Amino acid sequence: MAFDFPKNFLFADSHEYANSEGDLVRIGISAFAVDQLGDIVFVDLPDQGSSIEQGKSFGSVESVKAVEDMNAPISGEIVEVNSSVLDNPESLQNDPHGSGWLLLVKPSDSNELNQLMSSSSYSEKVAAK
């Protein structure tokens, strides 16, 4: 299956994305990861005001198939948590790159974005799977 990833998004090896919006970065998981999970039944996210660290787990997503940790694509302070995904996990499934975003973060080191893959590189990586 071919996926259409937003051109301005950056992706981690572990399938999370980062989308810069001014001084903040919106974080979520890719449509590929959502597709691999199947029906999502529960999402666990950290609280607003807490910090995340690049490469470390910041929460989990539970599907009928498995429970998977999500790893932070960048480090920073969480300024907003998408509560609609907590209330309706299917919104993550229906629109992972739009209304299914997870966290809005103030990065502690914006240079970490340089360690992520471009949309085209990520697309090539998942096409090979």
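I will try to describe carefully the structure that is included in this document. (Residues numbered from 1 in each chain as written. Predicted model: local features only at pLDDT ≥ 70, side-chain atom pairs only at ≥ 80, totals over all residues. Heavy atoms only, no water.)

### Comments concerning the overall build of the chain
Part 1: Counting secondary structure elements, the chain contains 4 helices and 10 strands.
Part 2: Listing each helix as α and each strand as β along the chain from the N terminus yields β-β-β-α-β-β-β-β-β-α-α-β-β-α.
Part 3: Relative to the 2.2 N^0.38 estimate, which gives 14 Å for 129 residues, the radius of gyration of the chain is 13 Å and therefore close to what a compact globule would have.
Part 4: Based on the C-alpha atoms only, the size of the chain along its principal axes is roughly 35 × 30 × 20 Å.
Part 5: Looking at the 129 residues of the chain, the share that counts as buried comes to 47%.
Part 6: Accessible surface computed for the chain: about 6500 Å², of which carbon and sulfur atoms make up 43%.
Part 7: Averaging the positions of the 7 positive and the 21 negative side-chain charges in the chain gives two centres separated by 7 Å. (Helix = DSSP H or I, 4+ residues; strand = E, 2+ residues; numbered from the N terminus. Rg over C-alpha atoms; globule rule 2.2 N^0.38 Å. Buried < 20%, exposed > 50% of the residue type's maximum accessible area, 1.4 Å probe, protein only. Areas by Shrake-Rupley, 256 points an atom, 1.4 Å probe, with all protein chains shown as cover. Lys, Arg positive; Asp, Glu negative; His and termini not counted. Charge placed at Lys NZ, Arg CZ, Asp CG, Glu CD.)

### Overview of the environment of Ser-121
Part 1: Within the secondary structure layout, Ser-121 lies in helix α4 (residues 119-127).
Part 2: Classification of Ser-121 by relative accessible area gives partly exposed; the value is 35%.

### Re the nonpolar core
Part 1: Among the nonpolar cores identified, the biggest contains 26 residues, and Ile-29, Val-43, Phe-58, Leu-92, Leu-102 and Leu-103 are the most heavily contacted of them.
Part 2: Counting residues per element, the ones that place at least two in this core are β3 (24-29), α1 (31-37), β4 (40-44), β6 (57-63), β8 (76-81) and β9 (103-107).
Part 3: Setting aside residues no more than four positions away along its own chain, Leu-92 makes contact with Ile-29, Val-34, Ile-40, Val-43, Val-61, Val-85, Gly-100 and Leu-102.
Part 4: By size, the runner-up hydrophobic cluster in this structure holds 12 residues, among which are Phe-5, Phe-11, Tyr-17 and Trp-101. (Core = buried A, V, L, I, M, F, W, Y, C linked by side-chain atoms within 4.5 Å. Contact = heavy atoms within 4.5 Å.)

### Some points on the pairing of β6
Residues in a regular strand project their side chains so that they alternate between the two faces of the sheet.
Part 1: Of all 7 residues making up β6, 5 are buried, and the element is well covered by its neighbours.
Part 2: Of the pairings in the sheet, the one linking β4 to β6 comprises 4 bridges and is antiparallel in character. Among the inter-strand pairings, Ile-40 is bridged to a residue of β6, identified as Ser-63.
Part 3: Sheet analysis places β6 next to strand β7 (residues 67-71), joined by 5 bridges and oriented antiparallel. By the bridge assignment for β7, Ser-60 is matched with Asp-69.
Part 4: Here β6 folds back onto β7 in antiparallel fashion, the turn holding 3 residues. (Pairing = 2+ DSSP bridges.)

### Details of the packing of aromatic side chains
Part 1: Considering all chains together, one arrives at 8 aromatic pairs under this definition.
Part 2: With 5.7 Å between their ring centres and 85° between their planes, Phe-3 and Phe-32 make a pair best called edge-to-face. Here the residue Phe-3 occupies a position in the segment before β1 (10-11), and Phe-32 occupies one in helix α1, the gap between them amounting to 29 residues. Per residue, the accessibility class of Phe-3 equals that of Phe-32, and both read buried.
Part 3: Aromatic side chains Phe-9 and Phe-11 sit 6.4 Å apart centroid to centroid with 40° between the ring planes, which places their arrangement in the tilted category. The same class applies to Phe-9 as to Phe-11, namely buried. (Phe/Tyr/Trp six-rings, centres within 6.5 Å; stacked < 30°, edge-to-face > 60°.)

### Brief notes about the environment of Glu-90
Part 1: Relative to the elements of secondary structure, Glu-90 occurs in helix α3 (residues 90-94).
Part 2: Separated by 65 residues in sequence, Glu-90 and Val-25 place their C-alpha atoms 22 Å apart.

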